[in-house]
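Residue-level listing of the chains:
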Amino acid sequence: DGRLYAGAGPPVAFGGLEKSARFGVQSSVAEACRDWSPAARFVAASLASGLMSTIVTAPIDQGKVAQMLGVSSSWRHAYAAFPCALVNYLAYTPLYFFCFDQIRPVVANDLVAGGITGAASAALCFPLDTIKTAAMTRVAQGGGAAAAGVVVVPFFESPWVVADAVHRAGGRRAFFVGFA
């Protein structure tokens, strides 16, 4: 029905900028915390980077989900699924930077290391991304009745409540729908 690439514009346009900013924030915070222990510096830098990623990408992702569903998007709901997006990025970002630091010396190519790291981090965080997308789908539908197969959750709901709704809708496999 022509929806394969629906919603691809904003994430594609801003994805590279967000990733550059993520690395910049991580690097800047790590430098600012250079007197801290390596573990504390890593955690602080990764969490700051994950928070920045969530603030930047949450409204973009919300718009993408609305476009994919073929509904209009409102900026007043841009951060309605923020708690679920925050959990997703706060798990993904430290995992990404940890894996990147481990793989980079082995492959000696930043592009290859970034690709391997991104794929591994995305695969491990896929259930959290499913939770985020379920919350954003609910927001995009305006809080009304869900279409068949769509998880219904209230606005600003806890990620645990959304996870429970996803599980009730399809069991453990529901967290991996679309995983290829």
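Just so we're clear, the structure is a prediction, and the values are computed from it rather than from any experiment. (Residues numbered from 1 in each chain as written. Predicted model: local features only at pLDDT ≥ 70, side-chain atom pairs only at ≥ 80, totals over all residues. Heavy atoms only, no water.)

### Digging into the overall build of the protein
Here's step 1: For the protein, the count of helices and strands is 6 helices and 0 strands.
Here's step 2: The N-to-C order of helical and strand elements in the protein reads α-α-α-α-α-α.
Here's step 3: With 180 residues in all, the protein has 37% of them scored as buried.
Here's step 4: For the protein, contacts bridging at least 24 residues in sequence account for 67% of all contacts bridging at least 6. (Helix = DSSP H or I, 4+ residues; strand = E, 2+ residues; numbered from the N terminus. Buried < 20%, exposed > 50% of the residue type's maximum accessible area, 1.4 Å probe, protein only. Contact = heavy atoms within 4.5 Å.)

### Some thoughts on the packing of aromatic side chains
Here's step 1: One pass over the full model with this rule turns up 11 aromatic pairs.
Here's step 2: Between the aromatic rings of Y96 and F97, the centroid separation amounts to 5.6 Å while the plane-to-plane angle is 85 degrees, which identifies the pairing as edge-to-face.
Here's step 3: Under the relative-accessibility criterion, Y96 is labelled buried at 8%.
Here's step 4: By relative accessible area, F97 is classed as buried at 2%. (Phe/Tyr/Trp six-rings, centres within 6.5 Å; stacked < 30°, edge-to-face > 60°.)

### Topic: a nonpolar patch on the surface
Here's step 1: A cluster of nonpolar side chains, V106, V107, V112 and I116, forms an exposed patch at the surface whose accessible area comes to about 310 Å².
Here's step 2: Those elements giving two or more residues to the nonpolar patch turn out to be helix 3 (82-107) and helix 4 (110-124).
Here's step 3: One can find I116 in helix 4. (Patch = residues over 30% accessible without salt bridge, like charges linked within 9 Å, V, L, I, M, F, W, Y side chains within 5 Å. Areas by Shrake-Rupley, 256 points an atom, 1.4 Å probe, with all protein chains shown as cover. Salt bridge = Lys/Arg side-chain N within 4 Å of Asp/Glu carboxyl O.)

### Details of the environment of A122
Here's step 1: Position of A122 among the secondary structure elements: in helix 4.
Here's step 2: Separated by 34 residues in the primary sequence, A122 and N88 place their C-alpha atoms 9.9 Å from one another.

### Quick look at the nonpolar core
Here's step 1: Counting 16 residues, the largest nonpolar core has I131, V162 and V166 as the members making the most contacts within it.
Here's step 2: Elements represented by at least two residues in this core include exactly helix 2 (38-69), helix 3, helix 5 (126-140) and helix 6 (159-170).
Here's step 3: Counting residues per element, this core draws most heavily on helix 5, at 5 residues.
Here's step 4: One finds F97, F100, I103 and C125 within the second-largest nonpolar core, a separate group that totals 7 residues. (Core = buried A, V, L, I, M, F, W, Y, C linked by side-chain atoms within 4.5 Å.)

### Things to note about the packing of helix 3 against helix 4
Here's step 1: With their axes 8 Å apart at the nearest point, helix 3 and helix 4 run at an angle of 145 degrees to one another. Between helix 3 and helix 4 lies a crossing of right-handed hand. Here helix 3 contributes Y92, L95, Y96, C99, F100, I103, R104 and V107 to the contact with helix 4, which in turn contributes D110, V112, A113, G114, I116, T117, G118, S121, A122 and L124.
Here's step 2: Within the contact of helix 3 with helix 4, the residues separate by chemical class into 12 nonpolar, 4 polar and 2 charged. (Axes fitted to C-alpha atoms, helices over the stretch in contact; angles between N-to-C directions. Left-handed = near helix turned anticlockwise from the far one by under 90°. Nonpolar A, V, L, I, M, F, W, Y, C, P; charged D, E, K, R; others polar.)

### Overview of the pattern of salt bridges
Two side chains of opposite charge can pair, provided their charged atoms sit close to one another.
Here's step 1: Evaluated as defined, the whole model comprises 5 salt bridges.
Here's step 2: The salt bridge involving E31 is made with R34; its shortest N-O contact spans 2.9 Å.
Here's step 3: Take E31: its relative accessible area is 45%, and that puts it in the partly exposed class.
Here's step 4: Looking at R34, the relative accessible area reads 52%, which means it is exposed.
Here's step 5: Linking D129 and K132 is a salt bridge whose minimum nitrogen-to-oxygen distance equals 3.1 Å.

### A few points about unusual backbone geometry
Here's step 1: For A108, which is not glycine, the phi torsion reads 55 degrees and is therefore positive.
Here's step 2: Mapping A108 onto the fold places it in the loop between helix 3 and helix 4.
Here's step 3: The exposure class of A108 is exposed, given its relative accessible area of 69%.

### Considerations on helix 3
Here's step 1: For helix 3, with 26 residues, the first-to-last C-alpha span of 35 Å sits near the 38 Å given by 1.5 Å per residue.
Here's step 2: The largest bend in helix 3 is about 25 degrees, located at D101, with the proline P105 one to four residues further on.
Here's step 3: Among all positions of helix 3, only C84, A85, N88, Y89, Y92, T93, P94, Y96, F97, C99, F100 and I103 are buried. (Expected span 1.5 Å × (residues − 1). Bend = angle between axes of the 7 residues up to and from the residue.)

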